[in-house]
Protein chains: 2
Amino acid sequence: MKIVILGLGAVGKGILETIAEKKLGLIVTGVADSKSACIKEDGIDIRTVLTTKKETGICGNPSLTADDVIATASYDLLVEVTPTDANSGEPAYGYIKRALGRGAHVVTSNKGPVALYFNELQSLAQDKGVQIRYEATVAGAIPILHAMQHDLLGNTITALYGVLNGTCNYILTRMAEEGLSYKQALAEARELGYAEADPTYDVKGIDAGIKLVILANTVFGKNISLDDVEITGIDLLTDDALRLAEHQECTIRLIGEIVPKKDLFRISPRIIPKNHPLVVKGSLNAITISTDMAGELTFIGKGAGSIETASAILGDILYIRNEQCMD
Amino acid sequence: MKIVILGLGAVGKGILETIAEKKLGLIVTGVADSKSACIKEDGIDIRTVLTTKKETGICGNPSLTADDVIATASYDLLVEVTPTDANSGEPAYGYIKRALGRGAHVVTSNKGPVALYFNELQSLAQDKGVQIRYEATVAGAIPILHAMQHDLLGNTITALYGVLNGTCNYILTRMAEEGLSYKQALAEARELGYAEADPTYDVKGIDAGIKLVILANTVFGKNISLDDVEITGIDLLTDDALRLAEHQECTIRLIGEIVPKKDLFRISPRIIPKNHPLVVKGSLNAITISTDMAGELTFIGKGAGSIETASAILGDILYIRNEQCMD
């Protein structure tokens with residue numbers, strides 16, 4: 001299977017390294033970063049490209065762009081791992097649309113286009129007889145979309161509850177365990193690289209809300225946008241609220257909820273018993289789903305990180321490849 | 001897809017009810033219990049068979065047997081949910097072999113034949129170009145085999161740790177939380193139906209050991225038997241040991257471990273921190289896997305129950321059916 005990769009940050013490089021190391025039988029015919037691109041019909045030399053990128057900061061020819069890769073390379077599948085713009089979804093949205101239009105599968109870690117244009121991209125993929133997969137957009141390394149789409153066939157999923165933002169979870173864990181104030185815990189999260197310089201997206205619950213939109217549209221067949229999600233962040237949470245929860249053997253977590261029958265889509269700080277499976281520590285993510293037959297199932301794992309994201313991307317690529325083989 | 005079902009206990013009946021209710025597009029051409037069978041080329045009437053079973057104790061014609069169903073019915077897939085005999089694997093082993101021999105897929109909840117004859121059954125299935133699936137044999141409703149086989153492609157699983165026996169977990173939870181002695185907790189588990197009249201298989205770690213064999217052979221490509229698993233049960237555990245663990249913010253759980261590189265296969269009571277994801281309550285099961293890219297992932301869910309087992313069986317049936325459709 002021939003693939004091209006757009007975006008050579010930590011995730012893109014991790015994918016390339018793994019393909020080279022594990023000999024997965026994937027031929028990379030093109031890569032692009034924000035300043036250059038490299039296209040080779042019979043496969044680029046991954047080691048050379050990675051070295052060039054490391055030494056010069058760019059991966060290939062500065063007169064070539066991601067658009068050239070999409071339009072002229074020969075590939076069965078596009079891997080789109082450029083930075084996310086949650087407002088416009090660009091430039092990822094355009095890349096994905098053009099690749100699907102050429103009849104290529106798409107695997108992306110980009111929440112923007114998936115949350116904003118899910119139905120359009122999904123029906124374009126269907127028209128072209130290809131797949132768009134995006135396991136990496138939700139809950140990092142946890143294969144939650146795979147699990148709900150393929151592993152529980154016959155079950156009806158009646159509700160979903162999840163810790164979908166590792167930054168908030170880290171802050172809440174530290175507030176509860178060390179008695180830190182919100183400001184102190186946020187400062188610590190920034191120092192450790194868990195929170196961005198501008199943590200608004202995380203602490204106001206917007207990042208978790210975007211993931212909830214993706215889950216609702218993908219798994220529950222909804223057609224919602226971020227405006228349909230009732231969102232309360234953790235930025236106004238007081239130390240007192242946490243202490244009160246602790247008093248009752250409970251703690252507070254930022255929980256995303258979907259109850260499809262009630263069209264309930266909510267992100268909010270919730271008081272939950274300390275021994276509940278969703279009470280995970282630090283920057284972990286956790287998702288509990290309620291089903292009619294299998295009961296409650298909980299999935300816990302790392303919610304972020306470049307190698308974890310690369311893992312989710314590879315899982316999608318190889319899943320599509322295996323399905324192709326069976327045709 | 002045409003299927004036949006051997007075994008009409010709670011699980012078999014649950015599968016039939018779900019097929020009838022959810023209109024899954026499966027045609028049931030034969031069923032058998034221990035005393036009778038019912039075969040119909042164009043599909044049995046599920047409601048009638050369930051009513052007959054309820055009213056008379058048998059599902060069909062007393063002069064027909066499970067063997068007749070296997071040999072003469074028309075089917076693409078055999079569902080084998082007869083009682084387990086962990087020593088001989090019979091009669092399930094014979095049923096499964098003959099169905100595979102006829103070129104039918106097999107889905108089973110029967111630990112005996114899968115633990116005892118994995119390689120033989122697997123290669124017979126391969127020769128015939130069909131599948132044998134057995135998600136229900138391990139960790140109840142948790143789709144752990146699916147997750148490890150299909151959802152994490154590209155990852156190498158380097159270790160597995162699991163709470164694989166709900167009875168032991170219930171006993172240990174009650175000992176820790178209520179200060180019960182082992183004997184008291186066992187008596188309670190029996191009263192509530194979590195433990196068999198003869199709880200030896202559970203409390204001596206044999207049931208968990210059998211599941212570990214299935215995991216090792218399926219997911220890690222090993223060829224081990226129960227003799228290769230180092231097993232210590234919970235029956236000799238003292239209240240003092242638990243109290244000592246509690247003192248250090250820890251507790252004790254019966255943990256199954258696989259470290260494939262070291263050929264380590266062990267079931268033993270282990271002291272683990274109370275806030276570890278594997279410390280689940282009551283009769284739950286939990287499995288943590290370590291991977292090279294996705295890090296640690298934990299799956300938690302109900303380890304037993306007839307509807308939960310039916311869920312795992314249906315997941316396997318529909319997975320095979322979906323793969324067929326793509327061919």
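Scroll up to find the structure this text is about.
Rules used throughout
Per chain, the residues get numbers from 1 upward, laid out in the order the sequence is written. By the order in which they are written, chains take letters starting at A while ligands take numbers starting at 1. Local features are withheld for residues below a pLDDT of 70 in this predicted model, meaning they are given only at 70 or higher, and side-chain atom pairs are given and counted only at 80 or more; totals for whole chains, interfaces and linings count all residues. The basis for every side-chain value is the complete set of non-hydrogen atoms in the structure, without hydrogens or water. A run of H or I in DSSP counts as a helix once it spans at least four residues, and a run of E counts as a strand once it spans at least two, with each numbered from the N terminus. Relative accessibility decides the category of a residue: with a 1.4 Å probe and only protein chains considered, values under 20% of the type maximum give buried, values over 50% give exposed, and everything between is partly exposed. Least squares is the method used to superpose the copies, on C-alpha atoms of residues holding a pLDDT of at least 70 in both. Residues count as neighbours in contact if any of their non-hydrogen atoms are within 4.5 Å of one another. A quick way to say it: buried area is the sum, across both parts, of accessible area lost when two parts are put together, with a 1.4 Å probe. By definition, a salt bridge exists where a carboxyl oxygen of Asp or Glu is found within 4 Å of a side-chain nitrogen of Lys or Arg. Whenever two N or O atoms come within 3.5 Å, that pair is a polar contact, provided that in protein one can donate a hydrogen and the other can accept it, and provided that, for residues adjacent in sequence, both atoms are side-chain atoms. Just so you know the grouping, Ala, Val, Leu, Ile, Met, Phe, Trp, Tyr, Cys and Pro go in nonpolar, Asp, Glu, Lys and Arg go in charged, and all remaining residues, Gly too, go in polar. Two strands pair under a simple rule: DSSP has to find at least two bridges between them. For helices, the axis comes from a line fit to the C-alpha atoms of the stretch in contact; other axes are also lines fit to C-alpha atoms, and the angle between any two N-to-C directions lies between 0 and 180 degrees. In this scheme Phe, Tyr and Trp rings, the latter by its six-membered ring, pair at centre separations within 6.5 Å, and the angle between planes marks the pair as stacked below 30 degrees, edge-to-face above 60, and tilted otherwise. Note on terminology: a nonpolar core comprises buried Ala, Val, Leu, Ile, Met, Phe, Trp, Tyr and Cys residues joined through side-chain atoms within 4.5 Å. By definition in this entry, angles of less than 35 degrees are roughly parallel, angles greater than 145 are roughly antiparallel, angles of 65 to 115 are roughly perpendicular, and the rest are oblique. Left-handed describes a crossing whose near helix is turned anticlockwise from the far helix by less than a right angle; the clockwise case is right-handed.

Between E90(A) and P91(A) the backbone carries a cis peptide bond, its omega angle lying at 0 degrees. One non-glycine residue, D263(A), lies in positive phi territory at about 50 degrees. Mapped onto the elements of the fold, D263(A) is located in the loop between strand 9 (250-259) and strand 10 (264-273). Residue classification places D263(A) among the partly exposed positions, given a relative accessible area of 48%. Within the chain, E249(B) stands out as a residue other than glycine whose phi angle is a positive 60 degrees. Note that E249(B) resides in the loop between helix 12 (239-247) and strand 9 (250-259).

Here the focus is the relation of the copies chain B and chain A. Under the fitted operation, chain B is carried onto chain A by 0.0 Å of movement along the axis and a turn of 180 degrees, and the coordinates agree to an RMSD of 0.0 Å. Classification of the inter-copy transformation places it as that of a two-fold axis.

Between chain B and chain A, the residue contacts involve 40 residues of the former and 40 residues of the latter. With both chains or domains summed, chain B and chain A bury close to 3200 Å², and 60% of this area falls on carbon and sulfur atoms. Taken together, chain B and chain A are joined by 2 salt bridges. The partner of D292(B) in a salt bridge is K22(A), with the nearest N and O atoms 2.5 Å apart. Summed over the shared surface of chain B and chain A, the number is 10 residue pairs in polar contact (both at pLDDT 80 or more). The element contributing the most residues to the side of chain B that touches chain A is helix 13 (residues 306-326) of chain B, with 11 residues. Of the residues assigned to the side of chain B that touches chain A, the class counts are 18 nonpolar, 13 polar and 9 charged. As paired strands, strand 12 (residues 296-302) of chain A and strand 12 (residues 296-302) of chain B are joined by 3 bridges and run antiparallel to one another. In the sheet register, I300(A) faces strand 12 of chain B, and the bridge partner there is T298(B).

Right, let's get into the sheet that holds strand 6 (residues 132-133) of chain A. All names here are of chain A. Taken in spatial order, the 6 strands of this open sheet run 3-2-1-4-5-6, and their pairing is mixed. Strands at the two margins of the open sheet, each flanked by one partner only, are strand 3 (37-39) and strand 6. Bridging between strand 1 (residues 2-6) and strand 2 (residues 27-32) involves 5 bridges; their strand directions are parallel. Pairing of K2 across the sheet is with I27, part of strand 2. Set on the sheet, helix 1 (residues 10-22) makes contact with strand 1, strand 2 and strand 4 (77-80); between it and strand 1 the angle comes to about 155 degrees.

What follows deals with the packing of aromatic side chains. Residues and elements named next belong to chain A. With the rule as written, the count across this model stands at 7 aromatic pairs over all chains. Ring plane angle 20 degrees and centroid distance 3.8 Å describe the contact between Y93 and Y117, whose orientation is recorded as stacked. In this pair, Y93 sits in helix 4 (residues 92-101) while Y117 sits in helix 5 (residues 111-128), placing the two residues 24 residues apart along the sequence. Its relative accessible area of 10% is what places Y93 among the buried residues. For Y117, a relative accessible area of 26% puts it in the partly exposed group.

So, about the side chain of T288(B). All names here are of chain B. Along the chain, the position of T288 falls in strand 11 (residues 284-291). With relative accessibility at 2%, the residue T288 sits in the buried group. Side-chain polar atoms of T288 contact the side chain of T298, separated by 2.9 Å. If we skip the residues at most four places from it in the chain, T288 touches A159, L160, Y161, H276, L278, E296, L297 and T298.

Moving on to the nonpolar core. Buried together is how nonpolar side chains tend to be arranged in soluble globular proteins. With 149 residues, the main nonpolar core has I144(A), I171(A), L215(A), I289(A), I144(B), I171(B) and I289(B) as its most contacted residues. Among the elements that make up this core, the one with the highest residue count is helix 10 (residues 206-219) of chain A (8 residues). For I144(B), the residues in contact, after removing those within four places along its chain, are E135(B), V138(B), A139(B), I287(B) and F299(B). Grouped together as the second largest cluster of nonpolar side chains are 34 residues, V31(A), I46(A), V79(A) and Y319(A) included.

On to the packing of helix 7 (residues 166-178) of chain A against helix 8 (residues 182-191) of chain A, then. Residue and element names in this part refer to chain A. Interhelical geometry of helix 7 versus helix 8 gives an angle of 130 degrees and a closest axis separation of 9 Å. As far as their axial angle goes, helix 8 and helix 7 are oblique. In this structure, the crossing between helix 7 and helix 8 has a hand that is right-handed. In this structure, helix 7 uses Y170, I171, R174 and M175 to contact helix 8, whose residues at the interface are Y182, A185, L186, E188 and A189. Class assignment for the residues of the contact of helix 7 with helix 8 results in 7 nonpolar, no polar and 2 charged.

Moving on, we get to the pairing of strand 7 (residues 157-163) of chain A. Residues and elements named next belong to chain A. Judged by how many residues are buried, strand 7 sits mostly within the fold: 5 of 7 residues are covered. The pairing of strand 7 with strand 11 (residues 284-291) spans 6 bridges and is antiparallel. The partner of I157 across the bridge, within strand 11, is T291. Two elements, strand 7 and strand 9, share 3 bridges in a ladder whose sense is antiparallel. Among the inter-strand pairings, Y161 is bridged to a residue of strand 9, identified as E257.

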